[in-house]
Each structure stands twice: as C-alpha cells, then as structure tokens.
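So you can see what is in the structure, the chains are spelled out below.
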Amino acid sequence: VPPRCRKVGSVYHYYDKSQVVSIALDPNSVVHVGDTLILRLRDRYHLQSVDSMQLNRAAVLEAHGGEHVGIQTSLRRGEICLGGLAFVQEGMAGEPR
C-alpha cells in the first residue's frame, strides 16, 4: 500500500472508447469526487484526481463498497492491469478533504 493511502478496490474493466476504468469497490469503502485515486500498474503507480464518477451511467458524487464505479482516466488499455489495486490518498489530520 502506498504511504498515506487506503485500498478501496480493484480494476474490474476498462472501456477503450471513453477511457474509463471501472473499479469494483471493496466492502466498507467510499470514494468521493475530489479524492486522489492511485492505480497500481505493472511497474508503477498512477495518481489522478477523481473529477467525476458514474454509477450505472449516472453521475454521482460518492460511491460505496460493493458498487462498480466508472472513472475517466488518461491511461490506455496497455497500461491498465485488470485486477490491479486501487487506492485513495488520505489527507493529513486536520486537512480538509
């Protein structure tokens, strides 16, 4: 696990045309728009802001454990690892999210 991060799920699917990664969220996990998402790739980590999310093709501000959420990314299919772990960066104590 990268420092100051918590595991939230794993990569379930990648949609080429829209460059969207679907993440299967672990039980008790929550992801919010504005979070920093970290994806484990083959040889590195990829950090990006969660600017928007979709659940069943509808925009949402947060997603919860057990759901599959779609997040747009700049990554290409060859960089994505299906089953790769997804993390969210945690803020320092007292920092606003």
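Data block above holds the structure.
In this report, the structure presented in the accompanying data block is examined. Computed from a predicted model, the values in this text were never measured in an experiment.

1. Here we look at the overall build of the protein
Looking only at helices and strands, the protein features zero helices and ten strands. In the protein, the order of α-helices and β-strands from amino to carboxyl end is β-β-β-β-β-β-β-β-β-β. Taken against the 2.2 N^0.38 rule, which gives 13 Å for 97 residues, the C-alpha radius of gyration of the protein at 12 Å falls within 12% of a compact globule. Summarising its shape, the C-alpha atoms of the protein cover approximately 40 × 30 × 20 Å along the three principal directions. When each of the 97 residues of the protein is scored for burial, the buried share is 39%. Accessible area for the protein stands at about 5900 Å²; split by element, carbon and sulfur atoms hold 51% of it.

2. Remarks on the packing of aromatic side chains
Two aromatic rings, taken as a pair, are described by how far apart their centres are and by the angle between their planes. On inspection of all chains with the given rule, the structure shows one aromatic pair. Here the aromatic rings of Tyr45 and Phe87 are separated by 6.3 Å at their centres, their planes lie at 70°, and the arrangement is edge-to-face. You can see Tyr45 sitting in strand 5 (residues 45–49) and its partner Phe87 sitting in strand 10 (residues 85–89), a full 42 residues away along the chain. The buried category is assigned to Phe87, whose relative accessible area is 2%.

3. A look at the side chain of Thr73
Tracing the sequence through the fold places Thr73 in the loop between strand 9 (68–72) and strand 10. Relative accessible area serves as the criterion here: at 6%, Thr73 is assigned to the buried category. One polar contact links Thr73 to Gln48, side chain to side chain, over a distance of 2.7 Å. If we ignore the near neighbours within four places in the chain, the residues touching Thr73 are Tyr14, Gln19, Val21, His46 and Gln48.

What counts, and where the lines are drawn
Residues numbered from 1 in each chain as written. Predicted model: local features only at pLDDT ≥ 70, side-chain atom pairs only at ≥ 80, totals over all residues. Heavy atoms only, no water. Helix = DSSP H or I, 4+ residues; strand = E, 2+ residues; numbered from the N terminus. Rg over C-alpha atoms; globule rule 2.2 N^0.38 Å. Buried < 20%, exposed > 50% of the residue type's maximum accessible area, 1.4 Å probe, protein only. Areas by Shrake-Rupley, 256 points an atom, 1.4 Å probe, with all protein chains shown as cover. Phe/Tyr/Trp six-rings, centres within 6.5 Å; stacked < 30°, edge-to-face > 60°. Polar contact = N/O pair within 3.5 Å; in protein donor to acceptor, adjacent residues only side chain to side chain. Contact = heavy atoms within 4.5 Å.

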